[in-house]
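Geometric and topological summary
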Amino acid sequence: MNETEVRALLVRGTEDRPPGLNLMAAVPTAPPRGSLVVPLAVAAAVAVAVSMIALALPLGPPSAQAQVAAAVETTSQQSYRIHGTSGDRAFEGAFDPVRRVGVITTVGEGAETRFIGDLMYVRAQGATTWEVSPRMEVATAPMTVAVVKLMVLDPAQTLQRLRSATDVREDGTASGDDWTGKRFTFTLTDKDEPKADALRTITGALDVDDQGRVRRLQLNFSDTGTVNIINFGDFGVPVTVTAPPAGDVTQPPAGKQDGGKPSKGPDDGTSTARTGKPGSK
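I will try to describe carefully the structure that is included in this document. (Residues numbered from 1 in each chain as written. Predicted model: local features only at pLDDT ≥ 70, side-chain atom pairs only at ≥ 80, totals over all residues. Heavy atoms only, no water.)

Quick look at the pairing of strand S2 (residues 89-96) now. In terms of burial, S2 is largely enclosed, as six of its eight residues are buried. Pairing of strand S1 (residues 80-86) with S2 involves seven bridges; the strand directions are antiparallel. Directly across from serine 86, in S2, lies its bridge partner arginine 89. Hairpin connection of S1 to S2: two residues between the antiparallel strands, including glycine 87 at a positive phi of 65°. Direction of pairing for S2 relative to strand S3 (residues 101-106): antiparallel, over a ladder of six bridges. For alanine 94, the partnering residue across the bridge sits in S3 and is valine 103. Counted between consecutive antiparallel strands, the loop separating S2 from S3 contains four residues, among which arginine 100 sits at a positive phi close to 60°. (Buried < 20%, exposed > 50% of the residue type's maximum accessible area, 1.4 Å probe, protein only. Helix = DSSP H or I, 4+ residues; strand = E, 2+ residues; numbered from the N terminus. Pairing = 2+ DSSP bridges.)

For the rest of this paragraph, the subject is the nonpolar core. Within the largest apolar cluster, 35 residues are counted, with the highest numbers of intra-cluster contacts made by Phe186, Leu219 and Phe232. Those residues in contact with phenylalanine 232, other than ones at most four positions away along the chain, are Tyr80, Arg81, Ile82, Pro155, Leu159, Val214, Arg215, Arg216 and Leu217. Ranked by size, the runner-up nonpolar core spans five residues in total, among them Ala94, Val101, Val103 and Val241. (Core = buried A, V, L, I, M, F, W, Y, C linked by side-chain atoms within 4.5 Å. Contact = heavy atoms within 4.5 Å.)

This next bit is on the pattern of salt bridges. Scanning the entire structure with this criterion turns up ten salt bridges. Across the salt bridge formed by arginine 89 and aspartate 88, the nearest N and O atoms sit 3.6 Å from each other. Residue arginine 89 is classed as buried on the basis of its relative accessible area, which comes to 16%. Assessed through its relative accessible area of 67%, aspartate 88 is described here as exposed. A salt bridge links arginine 89 to glutamate 109; the nearest nitrogen and oxygen atoms lie 3.1 Å apart. With arginine 89 in strand S2 and glutamate 109 in the loop between S3 and strand S4 (112-116), this residue pair connects regions lying 20 residues apart in the sequence. If you follow the salt bridges from partner to partner, you end up with Asp88, Arg89 and Glu109 in one network. (Salt bridge = Lys/Arg side-chain N within 4 Å of Asp/Glu carboxyl O.)

This part covers the side chain of glutamine 67. Relative to the helices and strands, glutamine 67 is located in helix H3 (residues 64-75). A polar atom in the side chain of glutamine 67 sits 3.0 Å from the side chain of lysine 182. (Polar contact = N/O pair within 3.5 Å; in protein donor to acceptor, adjacent residues only side chain to side chain.)

With respect to the element layout, arginine 135 can be found in the loop between strand S6 (130-134) and helix H4 (143-150). For arginine 135, a relative accessible area of 11% puts it in the buried group. Of the polar contacts made by the side chain of arginine 135, one reaches the backbone oxygen of glycine 117; its length is 3.3 Å.

Moving on, we come to the packing of aromatic side chains. If you walk through the whole model with that rule in mind, you get four aromatic pairs. With a centroid separation of 6.4 Å and an interplanar angle of 35°, the aromatic rings of tyrosine 80 and phenylalanine 95 are classed as tilted. You can see tyrosine 80 sitting in strand S1 and its partner phenylalanine 95 sitting in strand S2, a full 15 residues away along the chain. Here phenylalanine 95 falls in the buried class, since its relative accessible area comes to 1%. When the centroid spacing of 5.2 Å and the interplanar angle of 70° are considered together, the rings of tyrosine 80 and phenylalanine 232 count as edge-to-face. In this pair, tyrosine 80 is assigned in strand S1 and phenylalanine 232 in strand S11 (residues 226-233), connecting sequence segments 152 residues apart. One aromatic cluster is present, built from ring pairs that chain together Tyr80, Phe95, Phe115, Phe232 and Phe235. (Phe/Tyr/Trp six-rings, centres within 6.5 Å; stacked < 30°, edge-to-face > 60°.)

The structure is reproduced here in structure tokens:
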């Protein structure tokens, strides 16, 4: 069993642990010193604990959803570079989720966003200065709203939201340059939100290589026909991001200090130009 399968098994196995389960209840807390019976008692207790774990864990291979969750966790523990498309635009970037730094640029347009800790620096297309603001966080936003706002701008956060994807299914094999793996399909929906009738359902596909790393993410916007794709690679390559010179940095205009949060989504016909992000109109 490889590391990916172990991660997925642990994720799946802890989803429905029986309440009140105490695997250490049978282990003696203070065995008599020098007693020859202690090793046998401990061995018996360990055997009981192992048996209980085996009964608590699900039988068979981990679910598709557990495998996706494990892949997100694995990918989030290392740096990577990305290449993607959003509608008719292309973008390049590099992220280190552990150090919380990243950079993403629009190919051929000059727009760029840099992430350093809790801050983000945005240079819109044609601009000579940068706007600094708190990094956009949409952890509490409805699922589809979060993904629409983040997929192109912050792939690291987007991957985390995929933990809540529904209807996750394994869909055959996948491959790319120097890697092979599995493809999973999923659905993102806001059916539990109060305004669900006004929100969209997004379908997508996630390719995971044999080492448990996310290699490709695709989202399909059914209401506009737009397809957004991100390819991941160069895992472990150092990512260095520096803040722009202080003299080139300005604060957002009054009323727009909202973490650079765009009011609408990436290149689905509803983007805003203020963010300077790939896909902005």
